Amino acid sequence: MRFGDQRESTNYTDDTGRGGMGFGGGGFGGGGLGCLLPLVASRFGIGGVVVLVIGYFLLSSIGGLGGGGGVPGVQSSAPAGHSTLDPNTKRFALQVLGDTEEAWTALLAKQGVRYTPTNLHFYSGGDQSGCGFAQSAMGPFYCPKDSNIYLDTDFFNELSQKYQAPGDFAEAYVIAHEVGHHVQDLTGTLGKAEQLQARESEAEGNATQVKIELQADCYAGVWAANAKNPQGQSAMEPGDFEEGMRAAEAIGDDTLQKQTQGRVVPDSFTHGTSAQRMNALQTGFKSGNPEACASL
Ligand SMILES: [Zn+2]
């Protein structure tokens, strides 16, 4: 992406200096990946097998995360230290965030909705969130309770190495997807989804969540189509969109399930297949219009 001297958003918190508190100061180790996910996702039967990649917390599952007592000894009382955030990563993420603010302010104004910005909360290892304890193994997520996006930028390394989806637009897609959940929050879609899920079966609830996730992917594409540098030119460079498509493909439920459990269980999908995610991103990007993103 080419943002030039695009403004950096000031809507962020940098908690990376507190890094990994609560687990004896030693971070989370290799066993972190599965230990918390069941708490997040148990209502939908994911069983901790599938990583909650660029997800959001269902309001109904937040209580379990925060109050269930499943994460012993977690406190956010560690003394503040120096930020461990890479300056280039920070600058890029905040330029992306700043650009989403401008794009969504204009896009939502057309629908009569006033855009209020989300806050990008950088952390390292683990941190308190309005939705309970955030842990980097969960992947980035949006918390509707405090309207914050929680991001451990180590996820970008994971995306590049483990998921084989490198590139700056792959990273921008992750942030824009979470901003998409914030947009859903502002337009009432997240609330509607929660109401639906309260009376749905587990499989139906998962299907509703898939719709939410695919719409957030589509919104990420809509933003990309509208992303501009200060000169008013598209911030997208050749190859950027393909980077996003590789990321969308890598984190599809079917692909992840094949990798982690060797088989695919469609009823347990929460984010959509690789093909669906790629299609959603593409639909948003091609149209540049949120109305092209199917709603609930
Ligand atoms: Zn999501």
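Residues numbered from 1 in each chain as written. Predicted model: local features only at pLDDT ≥ 70, side-chain atom pairs only at ≥ 80, totals over all residues. Heavy atoms only, no water.

1. Focus: the overall build of the protein chain
Turning to step 1, where the next piece is worked out: Scanning the protein chain from N- to C-terminus turns up 11 helices and seven strands.
Turning to step 2, where the next piece is worked out: Considering only contacts in the protein chain between residues 6 or more positions apart, those separated by 24 or more positions represent 78%.
Turning to step 3, where the next piece is worked out: Accessible surface for the protein chain amounts to roughly 11900 Å². Of this, 49% is attributable to carbon and sulfur atoms. (Helix = DSSP H or I, 4+ residues; strand = E, 2+ residues; numbered from the N terminus. Contact = heavy atoms within 4.5 Å. Areas by Shrake-Rupley, 256 points an atom, 1.4 Å probe, with all protein chains shown as cover.)

2. Some thoughts on the packing of aromatic side chains
Turning to step 1, where the next piece is worked out: Evaluation of the coordinates by the stated rule reveals seven aromatic pairs.
Turning to step 2, where the next piece is worked out: An angle of 45 degrees between the planes, with centres 6.5 Å apart, marks the rings of Phe155 and Tyr163 as tilted.
Turning to step 3, where the next piece is worked out: According to the relative accessible area criterion, Phe155 is buried, its value standing at 4%.
Turning to step 4, where the next piece is worked out: In this structure Tyr163 comes out as buried when scored by relative accessible area, which is 7%. (Phe/Tyr/Trp six-rings, centres within 6.5 Å; stacked < 30°, edge-to-face > 60°. Buried < 20%, exposed > 50% of the residue type's maximum accessible area, 1.4 Å probe, protein only.)

3. Considerations on the nonpolar core
Turning to step 1, where the next piece is worked out: Ranked by size, the top nonpolar core spans 57 residues in total, and within it Met1, Trp104, Leu120, Leu159, Phe169, Tyr173 and Trp223 carry the most contacts.
Turning to step 2, where the next piece is worked out: Those residues within four positions of Leu120 in sequence are excluded, and the remaining contacts are Asn11, Tyr12, Thr13, Ala93, Leu94, Leu97, Ile149 and Leu151.
Turning to step 3, where the next piece is worked out: Core analysis: the second largest hydrophobic core is formed by seven residues, Tyr123, Cys131, Ala134 and Met138 among them. (Core = buried A, V, L, I, M, F, W, Y, C linked by side-chain atoms within 4.5 Å.)

4. Some thoughts on the environment of Arg91
Turning to step 1, where the next piece is worked out: Within the secondary structure, Arg91 is located in helix α4 (residues 87-109).
Turning to step 2, where the next piece is worked out: Of the residues examined, Arg91 reaches a relative accessible area of 34% and is grouped as partly exposed.
Turning to step 3, where the next piece is worked out: Each C-alpha atom, one on Arg91 and one on Arg7, is 9.3 Å from the other, the two residues being 84 residues apart in sequence.
Turning to step 4, where the next piece is worked out: Those residues in contact with Arg91 that lie beyond four places of it in its chain are Gly4, Asp5 and Glu8.
Turning to step 5, where the next piece is worked out: Here the side chain of Arg91 touches Glu8 through a polar contact of 2.9 Å, side chain to side chain. (Polar contact = N/O pair within 3.5 Å; in protein donor to acceptor, adjacent residues only side chain to side chain.)

5. Some points on the packing of α4 against helix α8 (residues 202-226)
Turning to step 1, where the next piece is worked out: Across the interface, α4 lies against α8 with an axial gap of 10 Å and an inter-helix angle of 95 degrees. In this view, α4 runs roughly perpendicular relative to α8, as classed from their interaxial angle. Between α4 and α8, the contacting residues are Val96, Asp99, Thr100, Ala103, Trp104 and Leu107 on the first element and Tyr219, Val222, Trp223 and Asn226 on the second.
Turning to step 2, where the next piece is worked out: A breakdown of the residues in the contact of α4 with α8 according to their chemical character gives seven nonpolar, two polar and one charged. (Axes fitted to C-alpha atoms, helices over the stretch in contact; angles between N-to-C directions. Parallel < 35°, antiparallel > 145°, perpendicular 65-115°, else oblique. Nonpolar A, V, L, I, M, F, W, Y, C, P; charged D, E, K, R; others polar.)

6. Describing helix α9 (residues 240-250)
At 3.6 residues per turn, the α-helix brings residues three or four places apart onto the same side.
Turning to step 1, where the next piece is worked out: Most of α9 sits out of view: eight of its 11 residues are buried.
Turning to step 2, where the next piece is worked out: Residues of α9 that are buried: Asp240, Phe241, Glu243, Gly244, Met245, Ala247, Ala248 and Ala250.
Turning to step 3, where the next piece is worked out: Check the buried side of α9 and you find it contacts α5 (154-161), α6 (168-187), α10 (253-261) and α11 (274-287).

7. With respect to the pattern of salt bridges
Turning to step 1, where the next piece is worked out: Under the criterion given, the structure shown has seven salt bridges.
Turning to step 2, where the next piece is worked out: The partner of Arg2 in a salt bridge is Glu237, and the shortest N-O contact between them spans 3.6 Å. Taken together, the positions of Arg2 in the segment before β1 (12-14) and Glu237 in the loop between α8 and α9 put the pair 235 residues apart, joining distant regions of the chain.
Turning to step 3, where the next piece is worked out: For Arg2, a relative accessible area of 48% puts it in the partly exposed group.
Turning to step 4, where the next piece is worked out: In the salt-bridge network here, residues are joined through shared partners; they are Arg7, Glu101 and Glu102. (Salt bridge = Lys/Arg side-chain N within 4 Å of Asp/Glu carboxyl O.)

8. Here's the deal with the state of the cysteines
Turning to step 1, where the next piece is worked out: Applying the stated criterion to the full structure yields two disulfides.
Turning to step 2, where the next piece is worked out: Note that Cys131 is cross-linked by a disulfide to Cys143, the S-S spacing being 2.0 Å. Across the S-S bond linking Cys131 and Cys143, the dihedral sits near 90 degrees, which makes this disulfide right-handed. Of this pair, Cys131 sits in the loop between β4 (126-129) and β5 (132-135) while Cys143 sits in strand β6 (residues 141-143), and the two are 12 residues apart along the sequence. The same class applies to Cys131 and to Cys143, which are both buried.
Turning to step 3, where the next piece is worked out: Across the disulfide from Cys218 sits Cys293; the S-S distance is 2.1 Å. Negative torsions about the S-S bond denote left-handed disulfides, and the value of about -80 degrees found for Cys218 with Cys293 makes this one left-handed. With Cys218 in helix α8 and Cys293 in the segment after α11, this residue pair connects regions lying 75 residues apart in the sequence. The same class applies to Cys218 and to Cys293, which are both buried. (Disulfide = S-S within 2.5 Å.)

9. A word on the side chain of Gln215
Turning to step 1, where the next piece is worked out: Here Gln215 is to be found in helix α8.
Turning to step 2, where the next piece is worked out: Given the relative accessible area of 4%, Gln215 is considered buried.
Turning to step 3, where the next piece is worked out: Apart from the residues within four sequence positions on either side, Gln215 is in contact with Gln184, Thr189, Cys293, Ala294 and Ser295.

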